[in-house]
Amino acid sequence: EAAVTQSPRNKVTVTGGNVTLSCRQTNSHNYMYWYRQDTGHGLRLIHYSYGAGNLQIGDVPDGYKATRTTQEDFFLLLELASPSQTSLYFCASSDWGPQNTLYFGAGTRLSVL
Amino acid sequence: GQQVQQSPASLVLQEGENAELQCNFSSTATRLQWFYQRPGGSLVSLLYNPSGTKHTGRLTSTTVTKERRSSLHISSSQTTDSGTYFCAMDDNYAQGLTFGLGTRVSVFP
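Parameters at a glance
- Residues numbered from 1 in each chain as written.
- Chains lettered and ligands numbered in written order.
- Predicted model: local features only at pLDDT ≥ 70, side-chain atom pairs only at ≥ 80, totals over all residues.
- Heavy atoms only, no water.
- Pairing = 2+ DSSP bridges.
- Helix = DSSP H or I, 4+ residues; strand = E, 2+ residues; numbered from the N terminus.
- Axes fitted to C-alpha atoms, helices over the stretch in contact; angles between N-to-C directions.
- Patch = residues over 30% accessible without salt bridge, like charges linked within 9 Å, V, L, I, M, F, W, Y side chains within 5 Å.
- Areas by Shrake-Rupley, 256 points an atom, 1.4 Å probe, with all protein chains shown as cover.
- Salt bridge = Lys/Arg side-chain N within 4 Å of Asp/Glu carboxyl O.
- Buried < 20%, exposed > 50% of the residue type's maximum accessible area, 1.4 Å probe, protein only.
- Disulfide = S-S within 2.5 Å.
- Contact = heavy atoms within 4.5 Å.
- Buried area = accessible area lost by both parts, 1.4 Å probe.
- Polar contact = N/O pair within 3.5 Å; in protein donor to acceptor, adjacent residues only side chain to side chain.

**Some details on the sheet that holds strand E1 (residues 4–7) of chain B**
All names here are of chain B. Pairing is antiparallel in the open sheet, where five strands are placed in the order E1-E3-E8-E7-E6. For this open sheet the edge positions go to E1 and strand E6 (52–56), each flanked by a neighbour on one side alone. For this sheet the average axis-to-axis angle between neighbouring strands, irrespective of direction, equals 15°. Bridging between strand E3 (residues 19–25) and strand E8 (residues 69–74) involves six bridges; their strand directions are antiparallel. Looking at the pairing, Cys 23 lines up with Ser 70 of E8.

So, in structure tokens, the structure goes:
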């Protein structure tokens, strides 16, 4: 079974604070993704990457940076957190092409006060 | 960009009833996946089905690629089926899936 591990599981910070969310996958997948989930909006893609050092912009990138340091590790950075970034964040991984499904981590619940 | 619409938004069932969830999308799907989520939980992949019909357990997905729609049929529903079901697709293997807003299913004994 594919494995995607997110940390921390819960995080509380203040407005203007710095936050780093971590994701590690042990599936040897090329692609990794960061999504946020909000009531009324479903899941929305923030950033994704197809390999170490690569970064692609998703649908809602404003206020977020991301970095893929290795094939396994993908980080989401909020450098000046705002209350609008309070959300449930999911990381996922997949390989490329047809028949390659997405595998999700357990999620990180972030509250920005 | 691509758009995914799911219907109905919510569904209430009595245990044992069948259900049909619909998904329509704005472009031809190269990948299409159905997910399940319990409140506050992670997303679990149910079926990967960009075309044709696929089965797993009591779930059947039918995707008609040309008509840009997919359905998920739940047979003989159980209380443990309660949760939200998402349809997600993309039209390009090289980007993330776009998700619908989900169908919330509640199954009562």
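Okay, back to it.
**As for a nonpolar patch on the surface**
All names here are of chain A. Together, Val 12, Val 14 and Leu 113 line one region of the surface with nonpolar side chains, adding up to about 310 Å² of accessible area. In this fold, Val 12 is placed in strand E2 (residues 10–13). Among the residues examined, Val 12 registers a relative accessible area of 55% and is labelled exposed.

**Overview of the state of the cysteines**
Residue and element names in this part refer to chain A. Summed over all chains, the structure comprises two disulfides over all chains. In this model, Cys 23 is linked to Cys 91 through a disulfide, with the two sulfur atoms separated by 1.9 Å. Across the disulfide from Cys 23 to Cys 91, rotation about the S-S bond amounts to roughly -75°, and the bridge is consequently left-handed. Placement of Cys 23 in strand E3 (residues 19–25) and of Cys 91 in strand E9 (residues 87–94) is noted, with a sequence separation of 68 residues between them.

**With respect to the interface of chain B and chain A**
If you look at the interface, chain B gives 19 residues, while chain A gives 24 residues. Here chain B packs against chain A, burying approximately 1700 Å² in sum over the two surfaces, 58% of which is carbon and sulfur. At the junction of chain B and chain A, the tally comes to four residue pairs in polar contact (both at pLDDT 80 or more). Every element with two or more residues in the side of chain B that touches chain A is listed here: strand E4 (31–37) and strand E5 (43–48) of chain B. Of all the elements, E4(B) adds the most residues to the side of chain B that touches chain A, at four residues.

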